[in-house]
Amino acid sequence: MATNKNARLRYEALDKCLSNFSRKYYIEDLQKACCNYLTKELSIETTISKRQIYSDLKEMELSPSMQAPIKAYKDGRRKYYRYAQEGFSIVDLTDNELTGLAATLNMLASFRGMPQFDWMTNIIQKLKKKYKVRDIQRNILSFDSNIDLRGIDHFKDLFNYIINEQPIRITYEPFGKEVLDEEIHPYFLKQYNNRWFILGYNPKYKDISVYALDRITNVESLREVFIPDTLIEDPFDYFFDVIGTTIPKQGDVERVVLKFTPIRYKYVSAKPIHHTQKTDDSNYTITIEVIPNRELESIILGFGKDVEVLEPDHLRNEIIEILREECKKYGVLKNDCKSPM
């Protein structure tokens, strides 16, 4: 590997492209990938000529320290480039990186047996063989999962579409509404309450949309130019002010105060409802700063008689109304009075 920093960064960028067998990289794509990578790593706008890319490819092939098996494949009148040997990479790992890789692979191995992660098995074995990572004979981690979840069979394809920046069209069946055909430029997969959701840009609405995988019945790739994320940049920030995945369009961040029974208060103090949570041990209350949504309501209702909503008033009244309707179902209230029948 060359010692020149810019050359090393270009080789790293090219290596990522050439080792990606899920996408075709033409010379223009390699040029763009190198420019973007150097701009990101050097924090300065960087341009690279096609001539430089051709020179780098030749150097990667001939250098004794790399000996990259690069091959040009004809695609009509054009050519795309990738390694002739799948799994090849010019990047070597240090001992510390190998130790970290071993721990990570053993953790990922815990996903085996779950339908959405069956595809990891071959990748894990290839990495272990290539880097001589010691295998373990038993699982030592367990993750919550719903292996019978509808739509989970799309997980692998959606994961790859995100990685490869591939626009897609989904057939979506919302509860109680008409079936939708939506163009999505996918950015992020999120799990909440044992359900998976995909987040991406929808050109029709010119905004970010979130879709539950269990409502997706079909996924297909589109021959469209991928639209990078310029609205939120970091998907974690998009969900920062909510619990779950529902973001009310007219919602604002509000101060939510919940009062618990002493026993349940200890539980909530140890397992925060939201990362903004603040506790008041003397009054057995917790305060969070969130946009109220249906997931928050579900959590509150899940605490049953052990919680009372103190603020805001509209959320308190919403919970009261839900409980009132529930009482009617069980015949607890009669003629809207508050005494049992």
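Residues numbered from 1 in each chain as written. Predicted model: local features only at pLDDT ≥ 70, side-chain atom pairs only at ≥ 80, totals over all residues. Heavy atoms only, no water.

## A closer look at the environment of Asn 36
Rule in force here: Starting at the N terminus, helices and strands are each numbered in turn, a helix being any DSSP run of H or I of at least four residues and a strand any DSSP run of E of at least two.
Tracing the backbone through its elements, the reader meets Asn 36 in helix H2 (residues 27–42). Taking C-alpha positions, Asn 36 is 8.6 Å from Thr 47, a pair spaced 11 residues apart along the chain.

## Let's talk about the pattern of salt bridges
Where we set the bar: Put simply, a salt bridge is a Lys or Arg side-chain nitrogen that is within 4 Å of an Asp or Glu carboxyl oxygen. Only protein chains enter the accessibility calculation, which uses a 1.4 Å probe; a residue is then buried when its area is under 20% of its type maximum, exposed when over 50%, and partly exposed in between.
Within the structure shown, the criterion is met by 15 salt bridges. Arg 324 is paired through a salt bridge with Glu 321; the nearest N and O atoms lie 3.7 Å apart. Residue Arg 324 and its partner Glu 321 are both found in helix H10 (residues 313–329); the two are separated by 3 residues, about one turn of the helix. For Arg 324, a relative accessible area of 22% puts it in the partly exposed group. The class of Glu 321 is partly exposed, set by a relative accessible area of 38%.

## Quick look at helix H1 (residues 5–18)
Just so we agree on the cut-off: Multiply 1.5 Å by the residue count of a helix minus one, and that product is the helix's expected span. Any two residues whose heavy atoms approach within 4.5 Å at even a single point are treated as in contact.
Compared with the 20 Å implied by 1.5 Å per residue over 14 residues, the 20 Å span of H1 between its first and last C-alpha is a close match. The element H1 is largely enclosed, with a buried count of 10 among its 14 residues. For H1, every residue scored as buried is listed here: Ala 7, Leu 9, Arg 10, Tyr 11, Glu 12, Ala 13, Leu 14, Asp 15, Cys 17 and Leu 18. The inward-facing, buried residues of H1 contact strand E1 (25–26), H2, helix H3 (50–62), strand E2 (70–75) and strand E3 (78–83).

## Concerning the side chain of Asn 202
Condition: Under this definition, polar contacts are N or O atom pairs within 3.5 Å; protein pairs additionally need one hydrogen-donor-capable and one acceptor-capable atom, and for neighbouring residues in sequence, both atoms have to be side-chain atoms.
Among the structural elements, Asn 202 can be located in strand E6 (residues 195–202). A relative accessible area of 1% places Asn 202 in the buried class. Of note is the side chain of Asn 202, whose polar atom sits 2.9 Å from the side chain of Glu 182. For Asn 202, the contacting residues outside a window of four places in its chain are Glu 182, Glu 183, Ile 184, Asp 207, Ser 209 and Tyr 211.

## Observations regarding the confidence of the model for the protein
It should be kept in mind that the predicted coordinates are not to be read in detail where pLDDT is low. Short version of the rule: Per-residue confidence from the predictor is reported as pLDDT, which spans 0 to 100.
Confidence in the prediction of the protein, expressed as mean pLDDT, is 85, and 79% of residues score 70 or more. Looking across the protein, the model is least confident in helix H5 (residues 120–131), with a mean pLDDT of 62, and most confident in strand E9 (residues 254–260), with 98.

## Describing the packing of aromatic side chains
Counted only if it meets this: Stacked, tilted and edge-to-face pairs are distinguished by plane angle, under 30 degrees for stacked and over 60 for edge-to-face with tilted covering the rest, among Phe, Tyr and Trp rings (Trp via its six-membered ring) whose centres lie within 6.5 Å. Whether a charge lies above a ring is judged from NZ of Lys or CZ of Arg, which has to be within 6 Å of the ring centre and within 35 degrees of the ring normal.
Evaluated as defined, the whole model comprises 11 aromatic pairs. Pairing Phe 260 with Phe 303 gives two aromatic rings, centres 5.1 Å apart and planes at 85 degrees, and the pair type is edge-to-face. With Phe 260 in strand E9 and Phe 303 in the loop between helix H9 (294–302) and strand E12 (307–311), this residue pair connects regions lying 43 residues apart in the sequence. Taking the relative accessible area as the measure of exposure, Phe 260 reaches 4% and is therefore buried. Phe 303 gets classed as buried once you look at its relative accessible area, which sits at 11%. Ring pairs connect the aromatic residues Tyr 26, Tyr 73 and Tyr 80, which therefore count as one cluster. The ring of Tyr 26 has Arg 78 sitting right over it, with the charged end atom 3.9 Å from the ring centre. One residue, Arg 82, lies across the ring of Phe 21, its end atom 4.9 Å from the ring centre.

## Topic: the sheet that holds strand E4 (residues 168–172)
Where we set the bar: In this analysis, strands are considered paired if DSSP registers two or more bridges between them. Axes here refer to lines fitted to C-alpha atoms; in helices the fit is confined to the stretch in contact. Angles between the N-to-C directions go from 0 to 180 degrees.
Strands sit in the order E7-E6-E5-E4-E8 across an open sheet of 5 strands; the sheet is antiparallel. This sheet does not close on itself; its edge strands, each paired only once, are strand E7 (207–212) and strand E8 (216–221). Averaged over all pairs of adjacent strands, the angle between strand axes in this sheet comes to 45 degrees, irrespective of strand direction. The sheet contact formed by E4 and E8 spans 5 bridges and is antiparallel. The residue bridging Ile 170 from the neighbouring strand is Val 219, located in E8. Along the sheet, helix H6 (residues 155–163) makes contact with E4, strand E5 (180–192), E6 and E8, crossing E5 at roughly 95 degrees.

## Thoughts on the nonpolar core
Defined as follows: Buried residues of nine kinds, namely Ala, Val, Leu, Ile, Met, Phe, Trp, Tyr and Cys, make up a nonpolar core once their side-chain atoms join them within 4.5 Å.
In terms of nonpolar packing, the biggest core is built from 25 residues, with Leu 30, Leu 57 and Met 60 touching the most fellow members. Put simply, the parts of the chain that give this core at least two residues each are H1, H2, H3 and E3. Every residue in contact with Met 60, bar those within four places of it in the chain, is listed here: Tyr 11, Leu 14, Asp 15, Leu 18, Met 66, Gln 67, Ala 68, Ile 70, Tyr 83 and Ile 90. Counting residues in each nonpolar core, the second largest holds 19 residues, with Leu 149, Trp 196, Leu 213 and Ile 216 among its members.

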